[in-house]
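Listed here are the chains, written in short residue letters.
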Amino acid sequence: MEQVIIIRYAEIHLKGKNRGWFERIFAVNMEKSLKGIRHEIHRYSGRYLIENFSDGDTDLILNRLSKVFGIHSYSVALKVGHDMEQIFCAAKEVSCDSGLFKVETHRADKKFPLNSMQVSAEIGGRLLDCYEQLKVDVHNPDFIINVDLRENGTALVFNKFYKGAGGMPVGASGKGLLLISGGIDSPVAGHMIAKRGMSLECIHFHSYPYTNMQAKEKVIDLTKQLSEYTCGTKLNVVSVTHIQEEIHKKCNGDFMVTLLRRFMMRIAEKIALKCGAQCLITGESLAQVASQTVEGMTSSNSVIERLPVLRPLCGFDKDEIIERSRAIGTYETSIQPYEDCCTVFLPRHPVTRPKLNEVIEEEKKLDVNALVEEALKSLEVINI
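Residues numbered from 1 in each chain as written. Predicted model: local features only at pLDDT ≥ 70, side-chain atom pairs only at ≥ 80, totals over all residues. Heavy atoms only, no water.

Asker: Just to check I follow, could you spell out the nonpolar core for this structure?
Answerer: The tendency in soluble globular proteins is for nonpolar side chains to be buried as a group. Core analysis: the largest hydrophobic core is formed by 32 residues, its most contacted members being Ile203, Phe205, Ile243, Ile267 and Leu280. Of all the secondary structure elements, the ones that give two or more residues to this core are β10 (175-179), β11 (199-206), α7 (241-250), α8 (256-275) and α13 (368-377). Looking at this core, the element that brings in the most residues is α8, giving 10 residues. Judged by nonpolar contacts, the second largest core, of 29 residues, contains Ile193, Ala194, Leu226 and Tyr331. (Core = buried A, V, L, I, M, F, W, Y, C linked by side-chain atoms within 4.5 Å. Buried < 20%, exposed > 50% of the residue type's maximum accessible area, 1.4 Å probe, protein only. Helix = DSSP H or I, 4+ residues; strand = E, 2+ residues; numbered from the N terminus.)

Here it is, written out as structure tokens:
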């Protein structure tokens, strides 16, 4: 009797002739998530088994699998042979000794001498003989013992389904560059896009010495937390201190946020094209703050020349974003009280509905290309 973990994938089963391509990416991602843990992964007709691992690593494996996109559900099971005595012993191991239960059997091996109903009836009857406090209830059981008879002569017996992360395997939908600020929103936006199968690289803008190095460390921590869902990533760190100083010196201060966002988008697009990303991703939510109006987003988008900008949180309110942030484990890091660059030189009355022609006129006061090139020279790349 061996303990194994059954992996069932999500949307991959809807794919046609290219399903094998998705499955290979999925298997690679699982291997990456379990790096450093002794194990073997084998594929069996539409599902995967993790085998040959230490029982002491079970909880660690389950924790890592919970963050692998593409998994629909997983179960800890006992693997035995096609022998009713072995199947019963495994069922007894996973059964409670009291309560309402039922046995469900899936018979993939149609050559097995008993059909599904007969297997369930026999195993259930023998369990009733063992435990006086057990009772059968096929409609509202407290727990279900599942028996999965596979074609390769093995049976998998388990009593629980764990819900997986769902979505598509990371890497199946191209690559995006996430603008990560250190707040609550951007890690959630990255998580949502990664769930649709997009691999991520991140970019963070800082304003040292106006912001301290703890703000940068906070973003590194957030990127590490996000990387647990993306099978690793890179963090590009760029200084925009000189840009903010120039805007503050030469432009109407009410346009500070709008102008800075335009510089960020220009720089981000250049880095995205260099690293092979096919889009930019932001954590903007419509009307959440002064810069996130339709007019503000239009101003930011107008400087992008080649790539689309994805805003997965655009229709979410703050409570929904916070709930997701808590669920993925980034909330406590995000609320650490370290300022990001957007709070530096923050105007008292920022323009909330900037007219593009007015923004362009303000921007003419700056040497845009030189400022962008200087920012790119400050680029630091951190492998996460």
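Asker: How do you make sense of the pairing of β11 when you look at a structure like this?
Answerer: Within a regular strand, the side chains alternate between the two sheet faces. Counting buried positions over the eight residues of β11 gives seven, a clear majority of the element. Of the strand pairs in this sheet, β10 and β11 are connected by five bridges, and their pairing is parallel. Bridge pairing in β11 places Lys175 opposite Ser199. This β-α-β element, β10 to helix α5 (residues 185-195) to β11, shows right-handed connectivity. Where β11 lies against strand β12 (residues 234-239), five bridges are found, and the strand directions are parallel. (Pairing = 2+ DSSP bridges. Right-handed = clockwise from strand over helix to strand, strands pointing away.)

Asker: Just checking my understanding: could you explain the pairing of strand β8 (residues 154-158) for this structure?
Answerer: When you tally the buried positions in β8, you get five out of five residues, the bulk of the element. Here four bridges tie strand β4 (residues 71-81) to β8, and the two strands are oriented antiparallel to one another. In the sheet register, Gly81 faces β8, and the bridge partner there is Thr154. Relative to β8, strand β7 (residues 143-149) is paired through four bridges, and the arrangement is antiparallel. Within β8, the residue paired with Asn146 across the bridge is Phe158. Connecting the antiparallel pair β7 and β8 is a turn made up of four residues, with Gly153 showing a positive phi of about 85 degrees.

Asker: What should I look at first to understand α8 in this one?
Answerer: Helix length check: α8, at 20 residues, gives a terminal C-alpha distance of 28 Å against a target of 28 Å (1.5 Å per residue), a fit within 8%. Counting buried positions along α8 gives 16 out of 20 residues, so the element sits mostly inside the fold. Positive phi shows up at Gly276, right after α8, with a value of about 85 degrees. (Expected span 1.5 Å × (residues − 1).)

Asker: Help me out: how do you make sense of the sheet that holds β10 in this one?
Answerer: Each strand in a sheet pairs with another by means of backbone hydrogen bonds, the pair being arranged parallel or else antiparallel. If you walk across this open sheet you meet the six strands as β14-β13-β10-β11-β12-β15, and the pairing is mixed. Pairing within the sheet leaves two strands with one partner each, and these edge strands are β14 (309-310) and β15 (380-383). The pairing of β12 with β15 spans four bridges and is classified as antiparallel. Among the inter-strand pairings, Val237 is bridged to a residue of β15, identified as Glu380.

Asker: Hey, could you run me through the packing of helix α3 (residues 84-94) against helix α4 (residues 116-130) in this one?
Answerer: Relative placement of two packed helices is described by the angle separating their axes and the distance separating the axes. At a closest axis distance of 10 Å, the pairing of α3 and α4 adopts a crossing angle of 55 degrees. Taken as axis vectors, α3 and α4 run oblique relative to one another. Where α3 crosses over α4, the handedness of that crossing is right-handed. Contacts between α3 and α4 involve Met84, Glu85, Ile87, Phe88, Ala91 and Lys92 from the first element and Val119, Glu122, Ile123, Arg126, Leu127 and Cys130 from the second. Residues of the contact of α3 with α4, tallied by class, amount to eight nonpolar, no polar and four charged. (Axes fitted to C-alpha atoms, helices over the stretch in contact; angles between N-to-C directions. Parallel < 35°, antiparallel > 145°, perpendicular 65-115°, else oblique. Left-handed = near helix turned anticlockwise from the far one by under 90°. Contact = heavy atoms within 4.5 Å. Nonpolar A, V, L, I, M, F, W, Y, C, P; charged D, E, K, R; others polar.)

Asker: Explain a nonpolar patch on the surface here, please?
Answerer: A surface patch of nonpolar side chains, about 230 Å² in accessible area, is lined by Leu128, Val136 and Val138. Examined against the element boundaries, Val138 turns out to sit in the loop between β6 (133-136) and β7. (Patch = residues over 30% accessible without salt bridge, like charges linked within 9 Å, V, L, I, M, F, W, Y side chains within 5 Å. Areas by Shrake-Rupley, 256 points an atom, 1.4 Å probe, with all protein chains shown as cover. Salt bridge = Lys/Arg side-chain N within 4 Å of Asp/Glu carboxyl O.)

Asker: Would you mind showing me how to read the side chain of Gln292 here?
Answerer: Inspection of the secondary structure puts Gln292 in the loop between β13 (280-281) and α9 (294-301). Owing to a relative accessible area of 11%, Gln292 belongs among the buried residues under this scheme. There is a polar contact of 2.8 Å between the side chain of Gln292 and the backbone nitrogen of Ser285. For Gln292, the residues in contact, after removing those within four places along its chain, are Glu284, Ser285, Leu286, Ala287 and Met297. (Polar contact = N/O pair within 3.5 Å; in protein donor to acceptor, adjacent residues only side chain to side chain.)

Asker: Mind showing me how you'd approach the environment of Tyr74 here?
Answerer: If you trace the backbone, Tyr74 turns up in strand β4. The contacts of Tyr74, once residues within four sequence positions are left out, are Ile5, Ile6, Ile7, Arg8, Leu62, Ser66, Lys160, Phe161, Tyr162, Lys163 and Gly164.

Asker: Even after reading the chapter, I still don't get unusual backbone geometry, so can you show me in this structure?
Answerer: Across the chain, the bulk of peptide bonds are trans and the bulk of non-glycine residues have phi less than zero. Tyr208 connects to Pro209 through a cis peptide bond whose omega is 10 degrees. Structurally, Pro209 can be placed in the loop between β11 and α6 (213-230). A positive phi is found at Asn52, a non-glycine position, where the angle reads about 55 degrees. By the element assignment, Asn52 lies in the loop between β3 (47-51) and α2 (58-65).

Asker: Explain the packing of aromatic side chains to me, please; I cannot follow it from the model alone.
Answerer: Between two aromatic rings, the relevant description is the distance of the centres plus the angle of the planes. Taken as a whole and assessed by the stated rule, the structure comprises eight aromatic pairs. When the ring of Tyr9 is compared with that of Phe26, the centres are 6.1 Å apart and the planes differ by 80 degrees; the resulting orientation is edge-to-face. One end of the pair, Tyr9, is in strand β1 (residues 2-9); the other, Phe26, is in helix α1 (residues 19-33), with 17 residues separating them in the sequence. Residue Tyr9 is classed as buried on the basis of its relative accessible area of 8%. Assessed through its relative accessible area of 0%, Phe26 is described here as buried. Ring centres 5.9 Å apart and planes at 20 degrees place the aromatic pair Phe101 and Phe143 in the stacked group. Taken as a pair, Phe101 in strand β5 (residues 98-107) and Phe143 in strand β7 lie far apart in primary sequence, 42 residues in all. (Phe/Tyr/Trp six-rings, centres within 6.5 Å; stacked < 30°, edge-to-face > 60°.)

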